[in-house]
Amino acid sequence: MSDVATVDGTAGAELQLEPYRVQLTGYCYRMLGSAFEAEDAVQETMVRAWKGLDRFEGRSALRSWLYRIATNVCLDMLNGSKRRARPMDLTAVSSATPATLTTQPEVTWIGPVPDGHVLADGGDPAEVAAQRDAVRLAFVAALQHLAPRQRAVLILREVLAWKAAEVAELLDTTVASVNSALQRARATLAASEISDTDPVKPLDEEQRALLARYVDAFERYDLDSLTSLLHEDATLSMPPYDLWLRGHDDIRTWLLGHGIGCRGSRLVPTVANGTPAFGQYRPGGPGGGHEPWALQVLEISAGRITGLNSFLDTERLFPLFGLPPRLDP
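Residue positions are given per chain, counting from 1 as you read along its sequence in written order. This being a predicted model, a pLDDT of at least 70 is required before a residue's local features are given, and a value of 80 or more before pairs of side-chain atoms are given or counted; all residues contribute to the totals for chains, interfaces and linings. Processing note: side-chain calculations cover all non-hydrogen atoms of the structure and skip hydrogens and water entirely.

## With respect to the packing of aromatic side chains
Stacked, edge-to-face and tilted are the three classes for Phe, Tyr and Trp ring pairs, Trp counted by its six-membered ring, which pair at centre distances within 6.5 Å; planes under 30 degrees apart are stacked, over 60 edge-to-face, the rest tilted. In this structure the tally under the stated criterion is six aromatic pairs. Residues Y214 and F218 carry aromatic rings whose centres are separated by 5.8 Å and whose planes lie at 45° to one another, so their mutual orientation is tilted. Note that Y214 and F218 are positioned in helix α12 (residues 205-220) at a spacing of four residues, about one turn of the helix. One exposure class covers both Y214 and F218, and it is buried. Between Y281 and F318, the ring centres sit 5.2 Å apart and the planes meet at 70°, which makes this aromatic pair edge-to-face. Taken as a pair, Y281 in strand β4 (residues 275-283) and F318 in helix α15 (residues 314-320) lie far apart in primary sequence, 37 residues in all. The same class applies to Y281 as to F318, namely buried. Runs of E in the DSSP output that reach at least two residues are strands. Runs of H or I that reach at least four are helices, and both are numbered from the N terminus. For each residue, the accessible area found with a 1.4 Å probe, counting protein chains only, is set against the maximum for its type, and the residue is called buried under 20%, exposed over 50%, and partly exposed in between.

## With respect to the sheet that holds strand β1 (residues 230-237)
Judged by pairing direction, the sheet is mixed, and its six strands sit side by side in the order β2-β1-β6-β5-β4-β3 without closing on themselves. Strands at the two margins of the open sheet, each flanked by one partner only, are β2 (244-246) and β3 (266-272). Across the sheet, the axes of successive neighbouring strands diverge by a mean angle of 20°, strand direction being ignored. We treat two strands as partners when DSSP finds at least two bridges between them. Inspection of the sheet shows β4 paired to strand β5 (residues 290-301) by seven bridges, in the antiparallel sense. Each bridged residue has a counterpart across the sheet, and for F278 the counterpart in β5 is Q296. The axes are straight lines fitted to the C-alpha atoms, using for helices just the contacting stretch, and the angles between their N-to-C directions are given from 0 to 180°.

## What about the nonpolar core?
Residues Y27, C28 and M31 are the most contacted members of the largest nonpolar core, which totals 70 residues. By residue number, the principal contributor to this core is helix α4 (residues 62-78), which donates ten residues. Leaving out residues up to four positions away in the same chain, C28 has contacts with G33, A38, A41, V42, A70 and C74. A96, Y214, F278 and L308 belong to the second largest nonpolar core, which has 28 residues in total. Here, the term nonpolar core denotes a set of buried Ala, Val, Leu, Ile, Met, Phe, Trp, Tyr and Cys residues that are joined through side-chain atoms within 4.5 Å. Contacts are residue-level and defined by heavy atoms, with any inter-residue pair within 4.5 Å sufficient.

## Structural notes on helix α9 (residues 148-159)
Since the α-helix advances by 3.6 residues per turn, residues separated by three or four positions end up pointing in the same direction. In this model α9 runs 15 Å from its N-terminal to its C-terminal C-alpha over twelve residues, within 8% of the 16 Å that 1.5 Å per residue would give. Within α9 the residues assigned to the buried category are Q150, R151, A152, V153, L154, I155, L156 and V159. Turning to α9, the residues buried within the fold contact α2 (21-32), α4, α7 (125-133), α8 (137-143), α10 (164-170) and α11 (175-190). The length a helix should cover is 1.5 Å for every residue beyond the first.

## Concerning the pairing of β1
Relative to strand β6 (residues 304-311), β1 runs parallel, the two being bridged by four bridges. Along β6, the bridge assignment pairs S237 with N309. In the sheet, β1 pairs with β2 via three bridges, with the strands oriented antiparallel. Across the sheet, residue L236 finds its bridge partner in β2, namely L245. What sits between β1 and β2 in their antiparallel hairpin is a turn of six residues.

Printed below as a string of structure tokens:
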């Protein structure tokens, strides 16, 4: 489809704009750190674009115009808001036997996103791998440390490979300002956790075997087998709780204490943020079925699991990921 086409009516406008939805959602998700806010931002972008298409007249590439609108929508949404984060960004490592559990509002946290909402199918394998890498939780969390315009510059230049002149035109600024913002953004990211995290690798036989062992150990609640799959410094987090744990001993203590209700869980595979994920269902409900408990997003490096991220907002996340509302016996 040509970047600039004649549009006749609502149906034509939707056909012209819809091919950009996934890439715009990926951009807005990196900017905002929330799948739900990203969807809202893209919907607002599409509405504004649809209303302005008759005045667009091909003065620039349609893609550039849409990204300009999306950037302005995201900057408006970020105006005055606090940055989203992961538990390990906000608090010191926790005890495995806390006296109380403290929750924080949803707007506090980086949230997971389904791959299909932000990653286009097909394409060059190297480009697809780079896009998967750029939606992982650690990277999106690191982006939130940047000022919003710096964030936009870094995503457009480093993730989407726009030229400095294109970004300058989009942001109504100079190439020198774009290059300066990019330099500052790179320095901020270099000092963050992301610099010590391995890039996401395509799922291979080794990873498939690791995931199969993980599912087997978790569903049997064999904690010796489970912890043997974890890196010695693996972390466990559970938004909306601000608690997070590090290391085999504390994770094991948690799962045998506060987390004992996870015994007997079943796991349903999915993908999130370019990495393996599972819908976790704990025993409960009528007739001996299993009820939604958490969306687990795993981080893997060097053949071991380095992060267990359990998001407990199942009321919104399970429909988003197309996971069933419960599992029958």
